[in-house]
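Notes for the structure review
So the chains spell out like this:
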Amino acid sequence: DPLSRAVQLALDGFQHDFPVVEGSRVVGLLTRRELFRVLAEQGASSRVGDAMRTDVPSVRPDDEVEAVLATLKSCNCQALPVVQLDRLVGVLSLDNVTEFVMARTAIREARG
């Protein structure tokens, strides 16, 4: 897809980072930072493949939250694709995971 499609998706919604799939296989992650960098350098007709990161790991739905946080930190990512049986099933953002940890901590503290 052209970057203009990704820009429209970013403007239409709340998501900032987008998993890039080929068929059903995740091949990269288009981050907001890279989207706008390549957009400014090469224009809206550039391809998503020119801007996506291919070095982003994925996580599984059953991964522990601490492991997900460690993966986010180690790759310096704001989001990660969630993959099950080699298929994209979702996206976890750093904000989502942080809010979950905060809610879990608050519930534990309330229980004593």
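Going by the structure above, here's the rest.
Below is a short write-up of the structure. For clarity, every value in this text was computed on a predicted model and none was experimentally measured.

**A short note on the overall build of the protein**
Along the backbone of the protein there are 5 helices and 4 strands. The helix and strand sequence of the protein, counted from the amino end, reads α-β-β-α-α-α-β-β-α. In terms of overall dimensions, the protein has C-alpha extents of about 55 × 30 × 25 Å along its principal axes. Here the protein holds 112 residues, and 29% of them are scored as buried. Here the analysis covers contacts within the protein between residues at least 6 apart in sequence; of these, 49% occur between residues at least 24 apart.

**A short note on unusual backbone geometry**
Here the phi dihedral of leucine 85 falls at roughly 55°; this positive angle occurs in a residue that is not glycine. Locating leucine 85 in the fold gives a position in the loop between β3 (79-84) and β4 (87-93). Leucine 85 sits in the exposed class, given a relative accessible area of 80%. Its identity is not glycine, yet aspartate 86 carries a phi of approximately 60°, on the positive side. On the secondary structure map, aspartate 86 appears in the loop between β3 and β4.

**A word on the state of the cysteines**
Inspection of every chain in the model, using the stated rule, returns 1 disulfide. In this model, cysteine 75 is linked to cysteine 77 through a disulfide, with the two sulfur atoms separated by 2.0 Å. For the pair cysteine 75 and cysteine 77, a shared accessibility class is recorded, and that class is buried.

**Let's talk about helix α5 (residues 94-111)**
Between its first and last C-alpha, α5 extends 26 Å over 18 residues, near the 26 Å set by a 1.5 Å rise per residue. Immediately beyond the C-terminal end of α5, within one or two residues, lies glycine 112, with a positive phi of roughly 95°.

**Thoughts on the side chain of serine 46**
Looking at the element boundaries, serine 46 is found in the loop between α2 (32-42) and α3 (48-51). By relative accessible area, serine 46 is classed as buried at 7%. Discounting residues that sit within four places of it in the chain, serine 46 has contacts with Asp1, Pro2, Leu3 and Val38.

**Considering the pattern of salt bridges**
With the rule as written, the count across this model stands at 6 salt bridges. Residue arginine 60 pairs with aspartate 62 through a salt bridge whose shortest N-O separation is 3.4 Å. In this pair, the class of arginine 60 matches that of aspartate 62, namely exposed. The residue arginine 60 makes a salt bridge to aspartate 63 at a minimum N-O spacing of 3.1 Å.

**Focus on the pairing of strand β2 (residues 25-30)**
Direction of pairing for strand β1 (residues 18-22) relative to β2: antiparallel, over a ladder of 5 bridges. Among the inter-strand pairings, valine 20 is bridged to a residue of β2, identified as glycine 28. Linking β1 back to β2 in an antiparallel pair, the connection comprises 2 residues, with glycine 23 at a positive phi of about 70°.

About the criteria used
Residues numbered from 1 in each chain as written. Predicted model: local features only at pLDDT ≥ 70, side-chain atom pairs only at ≥ 80, totals over all residues. Heavy atoms only, no water. Helix = DSSP H or I, 4+ residues; strand = E, 2+ residues; numbered from the N terminus. Buried < 20%, exposed > 50% of the residue type's maximum accessible area, 1.4 Å probe, protein only. Contact = heavy atoms within 4.5 Å. Disulfide = S-S within 2.5 Å. Expected span 1.5 Å × (residues − 1). Salt bridge = Lys/Arg side-chain N within 4 Å of Asp/Glu carboxyl O. Pairing = 2+ DSSP bridges.

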